[in-house]
Amino acid sequence: MNAAVVDERETTLVRTGVFGQVRNPIYTAMFAFGFEIALATTNLAACTGFILLIAAVELQVRRVKEPHLLRAHGDAYRGFAATVGRFIPGVGLMR
């Protein structure tokens, strides 16, 4: 399956636990790990990889994942996204 494709049959909207703090905790962990690697190695490849990771995830979330969740959950997701940050608590709220 293509990574940019979402499973349209999936209709679960989790709002508890870590998802109550950030909407995409797995991506947040990936960013933290990528940042740590870039800091630890301090080379052009690691820094470039980190920047590309951010760009790819931002595109995936904004163009694929969030539109899917809006179609599947409508106002419930809109309300959730208005109060819970995309990758960092309180940052990236949907208006």
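What you see is a predicted model; the values in this text were computed from it and never measured.

Participant: Got a minute to help me understand the nonpolar core in this structure?
Facilitator: Here is a general trend for soluble globular proteins: nonpolar side chains tend to be buried in one another's company. Within the largest apolar cluster, 7 residues are counted, these being Leu 13, Leu 69, Tyr 77, Phe 80, Ala 81, Val 84 and Met 94. By residue number, the principal contributor to this core is helix α3 (residues 75-83), which donates 3 residues. Those residues in contact with Met 94 that sit more than four places away from it in its chain are Arg 23, Glu 66, Leu 70, Tyr 77, Ala 81 and Ala 82. In terms of nonpolar packing, the next biggest core, distinct from the first, is built from 5 residues, Tyr 27, Phe 31, Val 57 and Val 61 among them.

Participant: Help me understand the layout of surface pockets, please; the structure alone is not making it clear to me.
Facilitator: It is a probe the size of a water molecule, rolled over the atoms, that shows where empty space is left. One number sums up the size of the largest pocket: a volume of about 410 Å³. Forming the walls of the largest pocket are 20 residues, and the residues nearest its centre are Thr 12, Phe 19, Asn 24, Lys 65 and Leu 69. Taken together, the elements giving at least two residues each to the lining of the largest pocket come down to α1 (25-41), α2 (44-73) and α3. When residues of the lining of the largest pocket are assigned to their parent elements, the largest contribution, 4 residues, is made by α2.

Participant: Can you walk me through the packing of α2 against α3 in this structure?
Facilitator: Running from N to C, α2 and α3 cross one another at 130 degrees; their axes reach a closest spacing of 6 Å. The orientation of α2 with respect to α3, classified from their angle, is oblique. In this structure, α2 uses Glu 66, Leu 69, Leu 70 and His 73 to contact α3, whose residues at the interface are Asp 75, Ala 76, Tyr 77 and Arg 78. Grouping the amino acids of the contact of α2 with α3 by side-chain chemistry returns 4 nonpolar, 1 polar and 3 charged.

Participant: Sorry if this is basic, but what is going on with unusual backbone geometry here?
Facilitator: Of all residues except glycine, most have a negative phi; of all peptide bonds, most are trans. Non-glycine residue Thr 42 carries a positive phi angle of around 40 degrees. Residue placement: Thr 42 occurs in the loop between α1 and α2.

Participant: Would you mind showing me how to read α3 here?
Facilitator: Every α-helix carries 3.6 residues per turn, so stepping three or four residues along brings you back to the same face. By the burial criterion, the buried members of α3 are Tyr 77, Phe 80 and Ala 81. For α3, the arc enclosing every buried residue in end-on projection is 95 degrees, short of the 170-degree limit, so these residues lie on one face. More than 90 degrees from the buried face of α3, the exposed residues found are Asp 75 and Thr 83. On its buried face, α3 sits against α2.

Parameters at a glance
Residues numbered from 1 in each chain as written. Predicted model: local features only at pLDDT ≥ 70, side-chain atom pairs only at ≥ 80, totals over all residues. Heavy atoms only, no water. Core = buried A, V, L, I, M, F, W, Y, C linked by side-chain atoms within 4.5 Å. Buried < 20%, exposed > 50% of the residue type's maximum accessible area, 1.4 Å probe, protein only. Helix = DSSP H or I, 4+ residues; strand = E, 2+ residues; numbered from the N terminus. Contact = heavy atoms within 4.5 Å. 1 Å grid on protein atoms, 1.4 Å probe; cavity = no way out; pocket = protein on both sides within 12 Å on 5 of 7 lines; lining within 4 Å. Points joined across faces, edges and corners; volume = space filled by probe spheres on them. Axes fitted to C-alpha atoms, helices over the stretch in contact; angles between N-to-C directions. Parallel < 35°, antiparallel > 145°, perpendicular 65-115°, else oblique. Nonpolar A, V, L, I, M, F, W, Y, C, P; charged D, E, K, R; others polar. Arc of directions from axis to C-beta.

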